[in-house]
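Examining the three-dimensional arrangement
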Amino acid sequence: TIYAALVRLQQRGWIAAEWGVSDNNRKAKFYSITRGGRRQLAKDAAYWLRLSQVMDRVLAMSPEGGLT
């Protein structure tokens, strides 16, 4: 669930949470990304960019093994 993912992110120090009151005057938990979370996000984004570039090259190969 989303809450389990939020707990894991908070345990890793990638997000912070605090209780507050929402716009409709209800108790709510607000999440924000931490400095460490921003660093991890940058690392993960770079990884996914490299992975997608590799996959683009693989998918561009013809069935005979050469590039199209």
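Reference entry: report on the structure contained in this document. Fair warning: this is a prediction, and the values are worked out from it, not measured in the lab.

Another aspect to go through is the overall build of the protein. Per the secondary structure count, the protein includes two helices and two strands. Going residue by residue from the N terminus, the α and β elements of the protein occur as α-β-β-α. Here the protein has a C-alpha radius of gyration of 20 Å; the compact-globule value for 68 residues is 11 Å, and the former is much larger. Reported as C-alpha extents along the three principal axes, the dimensions of the protein are approximately 60 × 25 × 20 Å. The burial tally for the protein puts 10% of its 68 residues in the buried class. Of the roughly 6,000 Å² that the protein leaves accessible, carbon and sulfur atoms contribute 58%. Looking at the protein, you have 11 positive and 5 negative side-chain charges, and the mean spots of the two groups are 12 Å apart.

Here we come to unusual backbone geometry. The phi dihedral of Asn-25 is positive, around 65 degrees, even though this residue is not glycine. Tracing the sequence through the fold places Asn-25 in the loop between strand E1 (15–21) and strand E2 (27–33). Classification of Asn-25 by relative accessible area gives exposed; the value is 65%.

Next up on the list: the packing of aromatic side chains. All told, the structure shown has one aromatic pair when counted by the stated rule. Seen in terms of ring centroids, Tyr-47 and Trp-48 are 5.7 Å apart; in terms of plane orientation they differ by 75 degrees. Their pairing is edge-to-face. The class for Trp-48 is exposed, based on a relative accessible area of 55%. The cationic tip of Lys-27 hangs over the ring face of Trp-19; the distance from NZ or CZ to the ring centre is 4.8 Å.

Quick look at the environment of Leu-6 now. Tracing the backbone shows Leu-6 in helix H1 (residues 2–11). Sequence separation between Leu-6 and Ser-32 is 26 residues; the distance between their C-alpha atoms is 11 Å. Not counting residues within four places of it along the chain, the set of residues in contact with Leu-6 comprises Ile-15 and Tyr-31.

About the thresholds
- Residues numbered from 1 in each chain as written.
- Predicted model: local features only at pLDDT ≥ 70, side-chain atom pairs only at ≥ 80, totals over all residues.
- Heavy atoms only, no water.
- Helix = DSSP H or I, 4+ residues; strand = E, 2+ residues; numbered from the N terminus.
- Rg over C-alpha atoms; globule rule 2.2 N^0.38 Å.
- Buried < 20%, exposed > 50% of the residue type's maximum accessible area, 1.4 Å probe, protein only.
- Areas by Shrake-Rupley, 256 points an atom, 1.4 Å probe, with all protein chains shown as cover.
- Lys, Arg positive; Asp, Glu negative; His and termini not counted.
- Charge placed at Lys NZ, Arg CZ, Asp CG, Glu CD.
- Phe/Tyr/Trp six-rings, centres within 6.5 Å; stacked < 30°, edge-to-face > 60°.
- Lys NZ or Arg CZ within 6 Å of the ring centre and 35° of its normal.
- Contact = heavy atoms within 4.5 Å.

From the geometry alone we can't say anything about function, so treat these as descriptive.
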